[in-house]
Amino acid sequence: MEVTHNDSPKLTDITSVRSSALLTDKYELTMLEAALQDGSAHRECAFEVFTRRLPNERRYGVVAGTARVLAAVRDFVFTEEQLEDLDFLHERTLEYLRNYRFSGHIDGFREGELYFPNSPILTVRGTFAECVILETVILSILNADSAVASAAARMVTAAAGRPIIEMGSRRTHEYAAVTAARAAYLAGFDATSNLEASRRYGIPASGTAAHAWTLLHVDENGQPDEKAAFQAQIDALGVDTTLLVDTFDITQGVDNAVAVAGPKLGGVRIDSGDLGVLTREVRAQLDGLGATETKIVVSSDLDEFAIAALRSEPVDVFGVGTSVVTGSDAPTAGLVYKLVEVEGHPVAKRARGKASKGGAKATVRFCRSTGTAVEEVTYPFGGEEPASNGFTTTPLTNSLIRDGELVEPQPTLEESRQYLADQLVTLPWEGLALTRDEPALSVRHITAP
């Protein structure tokens, strides 16, 4: 396959192209207006991002989108043109927004960290006014990116070390495709088909050819000419390319591919049919033709379960589209943004099925001497770290923004990718299973005395 690679940019290298201030819900601004009117706007508050439950059959979640959240907070500045459209607000509120710059603190899990139900992934502290209007943009980024990364991490585990290419651009919004590619790469995918994601984030780009390329080539009688399509691709890209062999008959397609490229052909791709049966047949056919080093790439609606089912088959590379860019049928991570503290006093929602834990929190993870994680513990923010009871402790709460300024340095995408790979190894072996009865780890809360 053809791969290009650029160095991964640092988080602070991401530049703003437009204001993020209207990436919000109307009620954020109407709440702001009411708070300014009754005097509660300037109360010191803490908001927390967490999930009450993990979607589908996941046993863990992956934090993704932190870099994008920090950029969005930095860019949350209203332009005069935007303010002109907010004609439902009074002038006092418009003036507040005109001068708005987030000046509070943000702490949370680093990108690539694992999370579980009730893990305090992000804590935003400041006045009610400046924190409440960030809710929608923070959640929209973290929910989308974390859903993709969580699904992608399960696929990487299922692939058992074999490369996976993200190729889902055509199955989602054009810009969501870019950020989904980033989240998948964070989770351990090896490449993306999306060139904007490659340019923006330095992700290796990979691509083969579509069925349309094969169908384009016909002989003088208008009959399909698969050999001509393969020859043209090889002439342009070399024998290291990957040929799509299932447009017509797969057996004949493999014969044609090797006949044209020779035994040094880089790869063949199968995009339909019973992939388990077909990969065995194609491997035997390739070996019989002397193409023992030619790789087999499979695609066709793969998810973590399909990949796991193919683990014992002679598959060299997986291509995944729809299931990863949609978060494996869970396009949101189920994260919420809740007020947990007002003027130093814990507050909590008590509604049935939607209860929250009051108070701003920091978090540590307890691990055995072998490195296996056993429990996650939260405790009051600024309080004493809980006793380790013989376990090693890893603090999970990091300073991200202080007094409105980004804390330096922040990890690069490559560093976060490696960090996640290391964290997955810390889970108990049953925590990596694709089906579950409960999350891989429990979260215990220590409250203030």
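Residues numbered from 1 in each chain as written. Predicted model: local features only at pLDDT ≥ 70, side-chain atom pairs only at ≥ 80, totals over all residues. Heavy atoms only, no water.

- By the naming in an unreviewed UniProt entry, the chain goes by Nicotinate phosphoribosyltransferase and is assigned to Corynebacterium suicordis DSM 45110.
- Recorded in UniProt for the chain, the comment headed Pathway (unreviewed entry) runs: "Cofactor biosynthesis; NAD(+) biosynthesis; nicotinate D-ribonucleotide from nicotinate: step 1/1."
- The Function (unreviewed entry) field of the UniProt record for the chain holds the comment "Catalyzes the first step in the biosynthesis of NAD from nicotinic acid, the ATP-dependent synthesis of beta-nicotinate D-ribonucleotide from nicotinate and 5-phospho-D-ribose 1-phosphate." (UniProt positions renumbered as here; feature names shortened; annotations may be inferred.)

Remarks on the side chain of Glu 48
Phase 1 of the analysis: Along the polypeptide, Glu 48 turns up in strand E2 (residues 44-51).
Phase 2 of the analysis: When its relative accessible area of 3% is taken as the criterion, Glu 48 is described as buried.
Phase 3 of the analysis: Here Lys 361 takes part through its side chain, which lies 3.0 Å from a polar atom of the side chain of Glu 48.
Phase 4 of the analysis: Apart from the residues within four sequence positions on either side, Glu 48 is in contact with Pro 120, Leu 122, Thr 123, Val 336, Tyr 337, Lys 338, Val 340, Lys 357, Gly 359 and Lys 361. (Helix = DSSP H or I, 4+ residues; strand = E, 2+ residues; numbered from the N terminus. Buried < 20%, exposed > 50% of the residue type's maximum accessible area, 1.4 Å probe, protein only. Polar contact = N/O pair within 3.5 Å; in protein donor to acceptor, adjacent residues only side chain to side chain. Contact = heavy atoms within 4.5 Å.)

Observations concerning the sheet that holds strand E19 (residues 398-402)
Phase 1 of the analysis: Ordered by their spatial adjacency, 7 strands build an open sheet running E15-E14-E2-E6-E4-E19-E20, and the pairing between neighbours is antiparallel. Because the sheet does not close on itself, it has two edges, and the strands there are strand E15 (345-346) and strand E20 (405-406).
Phase 2 of the analysis: The pairing of strand E14 (residues 335-342) with E15 spans 2 bridges and is antiparallel. Directly across from Val 342, in E15, lies its bridge partner His 345.
Phase 3 of the analysis: Its contacts with the sheet put helix H2 (residues 66-74) on strand E4 (105-108), strand E6 (122-127), E19 and E20, and the angle it makes with E19 is roughly 20 degrees. (Pairing = 2+ DSSP bridges. Axes fitted to C-alpha atoms, helices over the stretch in contact; angles between N-to-C directions.)

Quick notes on the UniProt feature "domain: Nicotinate phosphoribosyltransferase N-terminal" (unreviewed entry) in the chain
Phase 1 of the analysis: Under the UniProt annotation, the feature "domain: Nicotinate phosphoribosyltransferase N-terminal" (unreviewed entry) is placed at residues 22-143.
Phase 2 of the analysis: End-to-end, the C-alpha atoms of residues 22-143 are 18 Å apart, and along that stretch the chain is 41% helix and 18% strand.

What about the pairing of E14?
Phase 1 of the analysis: Across 7 bridges, E2 lies against E14 in antiparallel orientation. Among the inter-strand pairings, Thr 51 is bridged to a residue of E14, identified as Leu 335.
Phase 2 of the analysis: With antiparallel pairing between neighbouring strands as the criterion, E14 and E15 make up a hairpin whose turn holds 2 residues, including Glu 343 at a positive phi of roughly 50 degrees.

A word on unusual backbone geometry
Phase 1 of the analysis: The amide bond that connects Glu 408 to the next residue, Pro 409, takes the cis arrangement and shows omega of -10 degrees.
Phase 2 of the analysis: Within the element layout of this structure, Pro 409 appears in the loop between E20 and helix H15 (413-426).
Phase 3 of the analysis: Even without being a glycine, Asn 118 presents a positive backbone phi close to 75 degrees.
Phase 4 of the analysis: With respect to the element layout, Asn 118 can be found in the loop between strand E5 (114-115) and E6.
Phase 5 of the analysis: For Asn 118, a relative accessible area of 22% gives the class partly exposed.
Phase 6 of the analysis: Phi angles above zero are rare outside glycine, and Asp 403 is one such case at about 50 degrees.

Some remarks on the packing of aromatic side chains
Phase 1 of the analysis: According to the stated counting rule, one finds 6 aromatic pairs in the structure shown.
Phase 2 of the analysis: Ring centres 4.9 Å apart and planes at 20 degrees place the aromatic pair Phe 47 and Tyr 337 in the stacked group. Linking Phe 47 in strand E2 with Tyr 337 in strand E14, this pair joins segments that are 290 residues apart in sequence. For the pair formed by Phe 47 and Tyr 337, the shared burial category is buried.
Phase 3 of the analysis: For the ring pair Phe 76 and Tyr 100, a centre distance of 5.6 Å and an interplane angle of 70 degrees mean the geometry is edge-to-face. Taken together, the residues span a long stretch of sequence, with Phe 76 in the loop between H2 and helix H3 (80-85) and Tyr 100 in the loop between helix H4 (91-98) and E4 at a distance of 24 residues. For the pair Phe 76 and Tyr 100, a shared accessibility class is recorded, and that class is buried.
Phase 4 of the analysis: Taken together through their ring pairs, the aromatic side chains of Phe 76, Phe 78, Tyr 96 and Tyr 100 make up a single cluster.
Phase 5 of the analysis: Above the ring of Tyr 419, the side-chain terminus of Arg 110 is found at 4.0 Å from the ring centroid.
Phase 6 of the analysis: Above the plane of the ring of Tyr 185 lies Arg 417, whose end atom (NZ or CZ) is 4.1 Å from the centre. (Phe/Tyr/Trp six-rings, centres within 6.5 Å; stacked < 30°, edge-to-face > 60°. Lys NZ or Arg CZ within 6 Å of the ring centre and 35° of its normal.)

Here we look at the layout of surface pockets
Phase 1 of the analysis: Reported here for the second largest pocket is a volume of approximately 600 Å³.
Phase 2 of the analysis: If you trace the second largest pocket, you find 25 residues lining it, with Met 167, Arg 170, Arg 269, Asp 271 and Ser 299 closest to the centre.
Phase 3 of the analysis: Within the residue set of the lining of the second largest pocket, elements represented by two or more residues are strand E9 (205-207) and strand E13 (317-320). (1 Å grid on protein atoms, 1.4 Å probe; cavity = no way out; pocket = protein on both sides within 12 Å on 5 of 7 lines; lining within 4 Å. Points joined across faces, edges and corners; volume = space filled by probe spheres on them.)

Regarding the packing of helix H7 (residues 176-186) against H15
If you want to describe how two helices pack, look at the angle between their axes and the distance between the axes.
Phase 1 of the analysis: Between H7 and H15, whose axes approach to 8 Å, the crossing angle comes to 50 degrees. Taken together, the axis directions place H7 and H15 in an arrangement best described as oblique. Across the interface between the two elements, Arg 182, Tyr 185 and Leu 186 from H7 touch Leu 413, Glu 414, Ser 416, Arg 417 and Leu 420 from H15. (Parallel < 35°, antiparallel > 145°, perpendicular 65-115°, else oblique.)

Overview of the side chain of Thr 51
Phase 1 of the analysis: Note on placement: Thr 51 falls in strand E2.
Phase 2 of the analysis: Under the relative-accessibility criterion, Thr 51 is labelled buried at 1%.
Phase 3 of the analysis: Looking at Thr 51, its side chain comes within polar contact range of the main-chain oxygen of Arg 53, at 2.7 Å.
Phase 4 of the analysis: Among the polar contacts made by the side chain of Thr 51, one reaches the main-chain carbonyl oxygen of Gly 334 at a distance of 3.1 Å.
Phase 5 of the analysis: Those residues in contact with Thr 51 that sit more than four places away from it in its chain are Tyr 115, Phe 116, Pro 117, Asn 118, Ala 333, Gly 334 and Leu 335.

Structural notes on the pattern of salt bridges
A side chain of one charge can pair with a side chain of the opposite charge when the charged atoms of the two come close.
Phase 1 of the analysis: With the rule as written, the count across this model stands at 19 salt bridges.
Phase 2 of the analysis: One salt bridge in this structure joins Glu 95 and Arg 98, with 2.6 Å as the shortest N-O distance. With Glu 95 and Arg 98 both in helix H4 and 3 residues apart, this pair spans about one turn of that helix.
Phase 3 of the analysis: Judged by relative accessible area, which is 36%, Glu 95 ranks as partly exposed.
Phase 4 of the analysis: Measuring nitrogen to oxygen at the nearest pair gives 2.8 Å for the salt bridge that ties Arg 154 to Glu 304. Placement of the pair is Arg 154 in helix H6 (residues 135-159) and Glu 304 in helix H13 (residues 304-309), with a sequence separation of 150 residues. (Salt bridge = Lys/Arg side-chain N within 4 Å of Asp/Glu carboxyl O.)

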